[in-house]
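If you want the building blocks of each chain, they are given just below.
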Amino acid sequence: MGGALAARLVAAGHEVHGADPLAAARQRLAEAGGAASATVAEAVRRAEVVVLLLPDSDAVESVLGDPVVRAALAPDAVVVDSGSSDPARTRALAEGLAQVGIDLVDAPVSGGVLGAENGTLTVMAAGPDALLDRVEPVLEVFGRVVRVGPVGAGHAVKALNNLLSASHLLLTSEAVLAGRRFGIEPAVLIDVVNGSSGRSGSSELKWPRYVLPGTFDSGFSLALMVKDARIARGLLEATGVDSGVAAATLSSWQTALDELEPGADHTEIARWLDR
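The notes below deal with the structure included here.

What follows covers the nonpolar core. A general trend in soluble globular proteins is that nonpolar side chains are found buried together. Grouped together as the largest cluster of nonpolar side chains are 29 residues, with contacts concentrated most on Trp207, Trp253 and Ile269. Among the secondary structure elements, those contributing two or more residues to this core are α9 (153-181), α10 (186-193), α11 (201-211), α12 (222-238), α13 (244-259) and α14 (269-274). The contact partners of Trp253, leaving out residues within four places of it in the chain, are Ala166, Leu169, Leu170, Leu222, Met225, Val226, His266 and Ile269. Grouped together as the second largest cluster of nonpolar side chains are 23 residues, Val10, Leu29, Val80 and Val123 included.

Here is the structure:
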């Protein structure tokens, strides 16, 4: 997703510098017209906006905790965490960075790799309006920007959204499995659901595009879905919302993660259920 978004920024006329531990990712950036750097510090030097697309809070804190990276940041740079981090940790990190003169906002995205390529993502931007005003010309290249509240709110919305996504993909897959065992073709059942009240992003996109063809290649891992669902469940607990549905959903996804091969795509939950 990071590569797709970097390419869109280049196409929109932005000067883009990027770093990635994978040589192939750096090569794709160079081919798209960006400048690939060997280190994060080199990539962020003199940047007005620094966008991080990292898997979790541990990775974000590791990057922003590096004194070399901090020293390389321009004094007026705004750092945007567009990954799926823990909202409480994001808020704490923003407060800590502010004390040393570094501005951080969160703007996670939803819509998958295809949405990143097409510029149709939903961007959940959170932080002071003055900072979001500065980064919006970058974020609007990604898709529809929605300001959701103070720092950390973007990651909270992202986690809650992915909990919903996890729950309806799980239940849609269970319903299709039951229908197939009763003699109903999966494609037929999905077609009916998509014209009825049971439709969801899972029935309208994930099942037709990734599950029915058997490709299971949405580009979003099962491990990341479990991580986001766990963050969302923690948010529910912290706010006093007792959800048996969330607990059951997370339990099923965690079991799938334990039993499927490392690196499995999140749509493989359907294949795991069939086992």
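Next comes the rest of the write-up.
Below, the discussion takes up α13. Its 16 residues give α13 an end-to-end C-alpha distance of 23 Å, which sits within 8% of 22 Å, the value for a rise of 1.5 Å per residue. Those residues of α13 not exposed but buried are Ala246, Thr249, Leu250, Trp253 and Ala256. Along the long axis of α13, the arc covered by the buried residues comes to 125°, so they all point the same way. Structural note: α13 exposes Gly244, Asp258 and Glu259 on the side pointing more than 90 degrees away from its buried face. On its buried face, α13 sits against α9, α12 and α14.

Turning our attention to the side chain of Thr249. With respect to the element layout, Thr249 can be found in helix α13. The residues contacting Thr249, other than those within four sequence positions of it, are Leu163, Ala166, Ser167 and Leu170.

What follows deals with the pattern of salt bridges. A complete count under the given rule lists 10 salt bridges for this structure. For Arg147, the salt bridge is made with Asp133, and the minimal N-O distance between the two is 2.7 Å. With a gap of 14 residues between them, Arg147 in strand β8 (residues 143-149) and Asp133 in helix α8 (residues 129-139) connect regions that are remote in the sequence. Here the salt bridges share partners, and the residues they tie into one network are Asp129, Asp133, Glu136 and Arg147.

This next bit is on unusual backbone geometry. Of note in the backbone geometry, Arg46 takes a positive phi value of approximately 70° without being a glycine. Summarising the element assignment, Arg46 is placed in the loop between α3 (40-44) and β3 (49-52). Residues other than glycine seldom take positive phi values, yet Phe216 does so here, at roughly 50°. Looking at the element boundaries, Phe216 is found in the loop between α11 and α12. Residue Phe216 is classed as buried on the basis of its relative accessible area, which comes to 12%.

The next subject is the pairing of strand β4 (residues 78-81). Residues Val78 and Val80 point to one face of β4 and Val79 and Asp81 to the other, with burial holding for every one of them. Note: β3 against β4, 4 bridges, orientation parallel. Paired with Leu52 across the bridge in β4 is Asp81. Sheet analysis places β4 next to strand β5 (residues 103-106), joined by 4 bridges and oriented parallel. Looking across to β5, one finds that Asp81 is bridged to Asp106. Tracing the backbone out of β4, into helix α6 (residues 87-98) and back to the parallel element β5 gives a crossover that is right-handed.

How each quantity is defined
Residues numbered from 1 in each chain as written. Predicted model: local features only at pLDDT ≥ 70, side-chain atom pairs only at ≥ 80, totals over all residues. Heavy atoms only, no water. Core = buried A, V, L, I, M, F, W, Y, C linked by side-chain atoms within 4.5 Å. Buried < 20%, exposed > 50% of the residue type's maximum accessible area, 1.4 Å probe, protein only. Helix = DSSP H or I, 4+ residues; strand = E, 2+ residues; numbered from the N terminus. Contact = heavy atoms within 4.5 Å. Expected span 1.5 Å × (residues − 1). Arc of directions from axis to C-beta. Salt bridge = Lys/Arg side-chain N within 4 Å of Asp/Glu carboxyl O. Pairing = 2+ DSSP bridges. Right-handed = clockwise from strand over helix to strand, strands pointing away.

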